[in-house]
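# Commentary on secondary and tertiary structure
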Amino acid sequence: QQASGVSARDHTLWALIAESMSAAVAAAEAEETVTHGDHSVRVAASWRVGIGGKTWSTGALACKHLAAHAGRYAALAPKRQLRVLELGAGTGVAGLFAAKCLEARVVLTDAEDHLALLRDNVKRNNLGERVSVQLFDWKDETTWDLSSAPDLILCTDNAYHPSLYEPLAAAL
């Protein structure tokens, strides 16, 4: 035993635990990049905000779809900038990609606990001029304050639990 009363074995064990915890925190806070064609989006991912704090496969697939069909989406607003609304944006990957790929004006929406992550991701991509972040909780109609109708609504991995089906349908 060492003078502190902690054996060398215990000290090694605590060091391994601390290292594992550091790795878990690093995994909980990571940066993800989605690239399709000439466009890339970098987003911070954080499990601290919950399930929406990660980019799921359908978000990445939505980006791929937007890149493949950019011309079709541009045709929705041929004489002005396309207006896009992302519901339950999570990391905001699809909406941020739409801002870049479609040169759209985008409103990213989610519940209160995701807004700081969304704002950070807007800054990471230097899209503050075209992308705004807004509270929109489907289960609370008092948060439904959208000033203009979007041309396109993005919604990826939003109805992952049956309790969300009805509120999402009402919001749409």
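Reference entry: report on the structure contained in this document. Given the structure is predicted, the values throughout are model-derived calculations rather than measurements.

Now for the nonpolar core. If you look at the biggest cluster of nonpolar residues, it comprises 30 residues, and the most contacted ones within it are Leu66, Val84, Leu96, Leu102, Val106, Leu108 and Val131. Going through the elements one at a time, strand 2 (39-46), helix 2 (57-68), helix 4 (93-101), strand 4 (105-110), helix 5 (115-124), strand 5 (131-135) and strand 6 (152-154) are the ones with two or more residues in this core. With seven residues, helix 4 is the largest single contributor of residues to this core. Beyond its immediate stretch of four places on either side in the chain, leucine 96 contacts Val41, Val43, Thr91, Leu108, Asn121, Val122, Asn125, Leu127 and Val131.

In this section: the layout of surface pockets. In this structure, the largest pocket spans a volume of roughly 500 Å³. Residue classes in the lining of the largest pocket are distributed as nine nonpolar, nine polar and seven charged.

The next subject is the pairing of strand 1 (residues 29-36). Sheet analysis places strand 1 next to strand 2, joined by eight bridges and oriented antiparallel. If you follow histidine 36 over to strand 2, its bridge partner there is histidine 39. Following strand 1, the chain reverses through two residues before pairing antiparallel with strand 2; glycine 37 in that reversal takes a positive phi of roughly 60°.

Regarding helix 5, the residues found buried are Leu115, Leu117, Leu118, Asn121 and Val122. For helix 5, the angular spread of the buried residues around the axis is 160°, confining them to a single face. Facing away from the buried side of helix 5 by more than 90 degrees, the exposed set consists of Ala116 and Lys123. Its buried side turned inward, helix 5 meets strand 2, helix 4, strand 4 and strand 5. Of the residues one or two after helix 5, asparagine 126 is the one with positive phi, at around 50°.

Attention now goes to the packing of aromatic side chains. Counted under the stated rule, the structure contains one aromatic pair. Arranged with centres 5.9 Å apart and planes meeting at 75°, the rings of tryptophan 47 and tryptophan 56 form a pair that is edge-to-face. Residue class for tryptophan 47 comes out partly exposed when judged on its relative accessible area of 42%. For the cation-ring pair, lysine 54 lies above tryptophan 56, with the distance from its terminal atom to the ring centre recorded as 5.4 Å.

Moving on: the packing of helix 2 against helix 4. Where helix 2 contacts helix 4, the axes come no closer than 8 Å and their chain directions differ by 20°. Between helix 2 and helix 4, the angle falls in the class roughly parallel. The way helix 2 lies across helix 4 gives a crossing that is right-handed. Residues Gly59, Ala62, Cys63, Leu66 and Ala67 of helix 2 form the contact with helix 4, whose own contacting residues are Val93, Ala94, Phe97, Ala98 and Cys101. Of the residues belonging to the contact of helix 2 with helix 4, the class tally is nine nonpolar, one polar and no charged.

Definitions and limits used
Residues numbered from 1 in each chain as written. Predicted model: local features only at pLDDT ≥ 70, side-chain atom pairs only at ≥ 80, totals over all residues. Heavy atoms only, no water. Core = buried A, V, L, I, M, F, W, Y, C linked by side-chain atoms within 4.5 Å. Buried < 20%, exposed > 50% of the residue type's maximum accessible area, 1.4 Å probe, protein only. Helix = DSSP H or I, 4+ residues; strand = E, 2+ residues; numbered from the N terminus. Contact = heavy atoms within 4.5 Å. 1 Å grid on protein atoms, 1.4 Å probe; cavity = no way out; pocket = protein on both sides within 12 Å on 5 of 7 lines; lining within 4 Å. Points joined across faces, edges and corners; volume = space filled by probe spheres on them. Nonpolar A, V, L, I, M, F, W, Y, C, P; charged D, E, K, R; others polar. Pairing = 2+ DSSP bridges. Arc of directions from axis to C-beta. Phe/Tyr/Trp six-rings, centres within 6.5 Å; stacked < 30°, edge-to-face > 60°. Lys NZ or Arg CZ within 6 Å of the ring centre and 35° of its normal. Axes fitted to C-alpha atoms, helices over the stretch in contact; angles between N-to-C directions. Parallel < 35°, antiparallel > 145°, perpendicular 65-115°, else oblique. Left-handed = near helix turned anticlockwise from the far one by under 90°.

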